[in-house]
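These are the residues of each chain, in order.
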Amino acid sequence: MPPETALAVATHCPYCALQCGTELSRRDGEVAVRPAPFPVNAGGLCQKGWTAPALLDTPGRLRAPLLRGADGEFTPVGWDAALDTVAARLKHIRRRYGPDAVAVFGGGGLTNEKAYLLGKFARLALGTSQIDYNGRFCMSSAAAAGTAAFGLDRGLPFPVTDLAGANVILLAGANPAETMPPLMRHLNAARLVVIDPRRTPTAERAALHLRPRPGTDLALALGLFHAAVDENLADHDYLARRTTGFDAAWRLAADTWPERVERITGVPAADQRAAVRLLGEADRAYVLTGRGAEQHSTGVDTVAAYINLALTLGLPGRPGSGYGCLTGQGNGQGGREHGQKADQLPGYRAITDPAARAHVAGVWGVDPDSLPGPGRSAYELLDALGTPGGPRALLVLGSNPIVSAPHAAHVARRLAGLELLVVADFVASETARHADVVLPVTQWAEEEGTMTNLEGRVLRRRRLLDPPPGVRGDLTWLRDLAVRLGEPAERYPAEPRAVFDELRRASAGGRADYSGIDYDRLDAGEALHWPCPAGPPGAPPHPGTPRMFLDRFAHPDGRARLAPVEHREAAEDADGDYPLYATTGRVLAQYQSGAQTRRVPELNDAAPEPFVEIHPDTADRAGVRDGELARVTSARGTMLARVRVTATLRTDTVFLPFHFPGPGRANLVTSTALDPVSRMPAFKVCAVRIDPCPVPA
Ligand SMILES: Nc1nc2c(c(=O)[nH]1)N[C@H]1C(S)=C(S)[C@@H](COP(=O)(O)OP(=O)(O)OC[C@H]3O[C@@H](n4cnc5c(=O)[nH]c(N)nc54)[C@H](O)[C@@H]3O)O[C@H]1N2
Ligand SMILES: Nc1nc2c(c(=O)[nH]1)N[C@H]1C(S)=C(S)[C@@H](COP(=O)(O)OP(=O)(O)OC[C@H]3O[C@@H](n4cnc5c(=O)[nH]c(N)nc54)[C@H](O)[C@@H]3O)O[C@H]1N2
Ligand code: SF4
Ligand SMILES: [Mo]
């Protein structure tokens, strides 16, 4: 056994944004995990957290760079050979087509340090504007609506533990009983209003479950807003003191009264009124959104409409109440702040803002004019690959788009049209298997860094094990590649602490200000939520900001803004050929594209294969039977799934988990419609048909 670094470390789960605190230890070569005393998970872990160590020495672990030869097969090579090849091909492509011919696709699971360095690498070492990341598929609608309403986007502007004091919580399109199980312990005391087309395990716990047709939450949120005003629940004093925009929002919502909304959504008007009465009469109430409300071509307006409701009831910025979005990926919050987004520089700054460019260029030691401008959004980037004027080379870190991007068969074709696809991963994800060069990287328990959880708290990821031989950290190989592209090595520190110190300076004065946070404070156990500015020399350290907006919102006038939004139909409606709505989402035992969790035997046994949930009456009409295979077809294509007949679905809706590869990919059928503002794909609704799948005799 090689010497290992520590016997036990306090760290966090590698998966979702809850970032449950864990103690990771090793004995006799085995790694064991148990929940650490950490307020967010309060002694709990979900099945994924408990089984996370299995991934560290999974049989499919990549241990050497792979280079695809002329025969189409992978050959293991040394790092020098792999990076020399990548650098030579990148230089060639750049010379031939210009810097924007090289693109980067990042991920919301990357540490803050990686996300930051990746954005810097793209803008300086590659000089490209073409960088975006999978958070566009995840957080972008809530982020856009939250920024417009509050002047700043932090998923939960309050600690998770505050939820435990609520009397009522409205969950719109979130299923935390499966996606963040330990969160449920903070929801025990509250009466839940759950808005979900399916009767999920979360909805089972609800005092009231509203079941809209997928894609109609915008109308539903407007109906709730209308009902709140009708029922005299609007907090006019709060609206006058702390907000602007109520009158314009009301004018547009005035004709979306609950009975009309019932016809659009299928949610009874009486239930809409009951929901707002529960919320409006509670002392302490929260409105929370998840991907079910956000992943739509109307996602930004839908979140804005839920925020309008929360503002009308006077919740945001009131102690014990509020609005929040449940951020998804491990570093879904930090990942959206440090510059791996097409339109962004570190500190959550806009890449088009001259002052932001000057500040960041100063930290990077370059001329502001040398920084590229905004690039394409995630799906548009993938869709442009290999096309005339589009990127010819792509580097992927922390995503598996062949499974997780909408219209996945089309995305796979675009990836195949590239001159160079480089994927860094610790397992051979489906996307890695299509690459020209695969770079094997370290995993969470083998590296140091920071993550920012769904409540904006910065956490330390700590190293328990030495990485296997042949594996490098992302920071290291980015530096090694940058040097080969002609960059000075000192511009790309490979030590996480050094990267964080630079990130602090780059973020100083920005919307997500980390300048007062450092590893020493985090290691001393301080609970630091951004913004946490450094302050003048000699001033006492800033305590961080667990609760935001208590006195003022982040707009210059201190007021929140209600958005003037009106009902709009989803981009795709069910019709004769495709009479059903398909919606997609998650199950407890699988994570995302499944690249990680499908390799953990216990998880894969719990959720081994793609399935389609369908109501018994709908199954009868379609001639499909429980347990048999069915074909689910949309205008984009067909996927195959095992039929699960269940009365938890609406009769017009089927549900598909998106965790599975190959012909069982839900994203073979999903739509490429994008929200006009956030560019979020409409993962949560498309029109399909379902047919029996004849089994060859
Ligand atoms: N087990 C597990 N946990 C995870 C993840 C995972 O892959 N697996 N991923 C993590 C990540 S990145 C994320 S983003 C979060 C996501 O966490 P959630 O948002 O809770 O997860 P989803 O299953 O995508 O969607 C939630 C619910 O939206 C419902 N829904 C579908 N269409 C609509 C609609 O039109 N309106 C409404 N109101 N609801 C609708 C679905 O039925 C589903 O139950 O989970 C995180 N946690
Ligand atoms: N139909 C449908 N599609 C969806 C969704 C949906 O609800 N429905 N949800 C969307 C959402 S919310 C999300 S977040 C995306 C997620 O989908 P993806 O972007 O595909 O995310 P993951 O499956 O987590 O893929 C992460 C990959 O990076 C690797 N990896 C993890 N950490 C690191 C690291 O530190 N460095 C490197 N180099 N690699 C790493 C993992 O092994 C894995 O292969 O899917 C989106 N797609
Ligand atoms: S809820 Fe999320 S962070 Fe917690 S153990 Fe499960 S996957 Fe890990
Ligand atoms: Mo996500």
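Residues numbered from 1 in each chain as written. Chains lettered and ligands numbered in written order. Predicted model: local features only at pLDDT ≥ 70, side-chain atom pairs only at ≥ 80, totals over all residues. Heavy atoms only, no water.

Overview of the site of ligand 3
Looking at ligand 3, the residues that line it are C13, Y15, C16, L18, Q19, C20, L45, C46, K48, G49 and P182. Residue composition of the shell around ligand 3, grouped by class: eight nonpolar, two polar and one charged. (Near = heavy atom within 4 Å. Nonpolar A, V, L, I, M, F, W, Y, C, P; charged D, E, K, R; others polar.)

What about the site of ligand 2?
Taken together, 29 residues lie near ligand 2, and N134, S399, S404, D425 and S593 sit nearest. Contact distances for ligand 2 include 3.2 Å between a nitrogen atom and a side-chain N or O atom of R586. One of the side-chain N or O atoms of K684 is found 2.9 Å from an oxygen atom in ligand 2. Of the residues in the shell around ligand 2, the class split is ten nonpolar, 14 polar and five charged. For the shell around ligand 2, the domains that each give at least three residues are domain 2 (66–137 + 331–509) and domain 4 (580–692). (Polar contact = N/O pair within 3.5 Å; in protein donor to acceptor, adjacent residues only side chain to side chain. Domains from an automatic or database assignment.)

Considerations on helix α17 (residues 408–416)
Two residues of an α-helix separated by three or four positions point the same way, owing to the 3.6 residues in each turn. A408, H410, V411, A412 and L415 are the residues of α17 that are buried. Residues of α17 that are buried sit in contact with α15 (378–384), β16 (393–397), α16 (401–404), β17 (420–425) and α18 (430–433). (Buried < 20%, exposed > 50% of the residue type's maximum accessible area, 1.4 Å probe, protein only. Helix = DSSP H or I, 4+ residues; strand = E, 2+ residues; numbered from the N terminus. Contact = heavy atoms within 4.5 Å.)

Thoughts on the sheet that holds strand β3 (residues 30–35)
If you trace the three strands from one edge of the open sheet to the other, you get β1-β2-β3, paired in antiparallel fashion. The strands lining the two open edges of the sheet, one partner per strand, are β1 (8–12) and β3. When strand polarity is set aside, the average angle formed by the axes of neighbouring strands in this sheet is 30°. As defined by bridge partners, strand β2 (residues 21–27) adjoins β3 across six bridges and the pair is classed as antiparallel. What sits directly across from R27, in β3, is E30. (Pairing = 2+ DSSP bridges. Axes fitted to C-alpha atoms, helices over the stretch in contact; angles between N-to-C directions.)

Quick word on the pattern of salt bridges
With the rule as written, the count across this model stands at 43 salt bridges. Note that D301 is salt-bridged to R568, the shortest N-O span being 2.7 Å. Here R568 lies in the loop between β21 (560–561) and β22 (580–585) and D301 lies in helix α13 (residues 299–312), a separation of 267 residues in the sequence. For R568, a relative accessible area of 29% gives the class partly exposed. Each of the salt bridges in this network shares a partner with another, and the network as a whole consists of K114, E447, R461 and D474. (Salt bridge = Lys/Arg side-chain N within 4 Å of Asp/Glu carboxyl O.)

Details of the UniProt feature "domain: 4Fe-4S Mo/W bis-MGD-type" (unreviewed entry) in the protein chain
Per the UniProt entry, the sites bearing "domain: 4Fe-4S Mo/W bis-MGD-type" (unreviewed entry) are residues 6–58 in this numbering. Across residues 6–58 one finds 9% helix and 34% strand; the C-alpha atoms that close the span lie 21 Å apart. (UniProt positions renumbered as here; feature names shortened; annotations may be inferred.)

Details of the pairing of strand β24 (residues 629–633)
Direction of pairing for β24 relative to strand β25 (residues 638–645): antiparallel, over a ladder of five bridges. When the bridges of β25 are listed, R631 appears paired with L640. Linking β24 back to β25 in an antiparallel pair, the connection comprises four residues. In terms of strand pairing, β24 meets strand β27 (residues 686–692) through four bridges, oriented antiparallel. Looking at the pairing, A630 lines up with P692 of β27.

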